[in-house]
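One-letter residues, chain by chain:
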Amino acid sequence: MSFFEKIKSVNQQFILPMLNDGDFKMYIKREDQIHPIVSGNKFRKLKYNVQEAKGLKKNCLITFGGAYSNHLLATAYVGKNENLKTLAFVRGEELKNINYNSTLQKCNDFGMKLIFISREDYRKRNEIDYINYIKNKFKDSYIIPEGGTNEFGVLGCEEILSLEDSFFDVICCPVGSGGTIAGIINSSNDSHKVLGFSALKGSEINNVITKFTDKKNWKIFDDDIFGGYAKIDNRLVSFINNFFKNTGMILDPIYNSKMLFKIIKLIENNQWGFGKKILLINTGGLQSIKEMNNKLKKKGCEIIKY
Ligand SMILES: Cc1ncc(COP(=O)(O)O)c(C=O)c1O
């Protein structure tokens, strides 16, 4: 049986003590529980890409990612389980010594070949000439873009929402390369408002999303991200730890915790005009916590061991 069965994750209700207004109905879709390594959107984005690679009789998956990439790890794991070789172009030559990076160590353990490239070269990752160069060099390979965002990744993400989710007014989703939210927008209904919370400052993400969807029922927030991608401070650490104490759910420090932090801020500042039945998509990414805690040692705090 293929690793990729049809999976529907559960919606779990949670109560936020800081929101006194009892009318809010908040749920989290536990995409993080799909699999300990290929969690959340990674499972969704790889499903049809792997199907396509196999259909084309390719024997290797090639992809791109940075130091904490959940996508690289998921690709490495899936490749090992689906009998496909894996190769990744990693942003930053300084990461070559993988002893300091547990994500890359695990990728290596799953048999992924890692090629470290400069930030300058990494910027070419979507350019036709660069892709053609890779295709020529690594024949019989199937290239998955960074974050797994392409038409097949989006197609898989269209399976995140299900019929029962028409109950909700608002669907909230963290955003990186844009594929997850594009799939959610495509499968949302006309009464849904889809809100995206970008982990990156000032990215051109709206342009990416419009490549994959014609719908207009969405909006992206890209402010309030604690100074940038993967940046963190004591406030965010306390927020993650308190949320865990109150609900038993742990949120990753790069995407999902920043999304909920911003949602609460908007509600508390009376800037939330989107409806009170709210569904958050928990896209997983918990493996980044270990890495983050290593960084946090210097700041004298840590994300709770769950
Ligand atoms: C845990 C997690 N959540 C959300 C995202 C953002 O998804 P996308 O890149 O499809 O916008 C990512 C990155 O890909 C991720 O690793």
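Being a predicted model, the structure only gives us computed values, none of them experimental.

1. Brief notes about empty space enclosed by the protein
Tallied over the entire structure, the rule returns one cavity of 30 Å³ or more. Its volume calculated, the largest cavity comes out at about 50 Å³. As for the largest cavity, its lining consists of Phe197, Ser198, Phe221, Asp223, Asp224, Ile225, Tyr255, Lys258, Met259 and Lys262. If you list the elements that add at least two residues to the lining of the largest cavity, you get strand S8 (193–198) and helix H10 (256–268). Per-class residue counts for the lining of the largest cavity are five nonpolar, one polar and four charged.

2. What about the site of the ligand?
Residues in contact with the ligand amount to 15 residues; listed here are only the nearest, Lys45, Gly176, Ser177, Thr180 and Thr283. Between the ligand and the protein, one listed contact pairs an oxygen atom with a backbone N or O atom of glycine 179 at 3.3 Å. Here threonine 283 contributes a side-chain N or O atom positioned 2.6 Å from a nitrogen atom of the ligand. Protein contact buries 96% of the 390 Å² of open area that the ligand shows by itself. One can see that the ligand is located within the largest pocket. Going through the elements one at a time, helix H1 (41–55) and helix H7 (179–187) are the ones with two or more residues in the shell around the ligand. In terms of residues, the shell around the ligand owes the most to one element, H1, which gives three residues. Classifying every residue of the shell around the ligand gives two nonpolar, 11 polar and two charged.

3. Comments concerning the layout of surface pockets
Here the largest pocket is characterised by a volume of approximately 1400 Å³. For the lining of the largest pocket, the element with the highest residue contribution is helix H8 (residues 205–212), accounting for four residues. Residues that form the lining of the largest pocket fall into these classes: 20 nonpolar, 19 polar and 11 charged. Counting contributing residues, the lining of the largest pocket receives three or more from each of domain 1 (11–39 + 153–299) and domain 2 (41–148). By volume, the second largest pocket is sized at about 200 Å³. Taken together, 14 residues form the lining of the second largest pocket, with Ile131, Lys135, Ser141, Tyr142 and Ile143 sitting closest to its centre. If you list the elements that add at least two residues to the lining of the second largest pocket, you get helix H5 (128–137) and strand S6 (141–143). Counting residues per element, the lining of the second largest pocket draws most heavily on S6, at three residues.

About the thresholds
Residues numbered from 1 in each chain as written. Predicted model: local features only at pLDDT ≥ 70, side-chain atom pairs only at ≥ 80, totals over all residues. Heavy atoms only, no water. 1 Å grid on protein atoms, 1.4 Å probe; cavity = no way out; pocket = protein on both sides within 12 Å on 5 of 7 lines; lining within 4 Å. Points joined across faces, edges and corners; volume = space filled by probe spheres on them. Helix = DSSP H or I, 4+ residues; strand = E, 2+ residues; numbered from the N terminus. Nonpolar A, V, L, I, M, F, W, Y, C, P; charged D, E, K, R; others polar. Near = heavy atom within 4 Å. Polar contact = N/O pair within 3.5 Å; in protein donor to acceptor, adjacent residues only side chain to side chain. Areas by Shrake-Rupley, 256 points an atom, 1.4 Å probe, with all protein chains shown as cover. Sits in = over half its atoms within 2 Å of the grid points. Domains from an automatic or database assignment.

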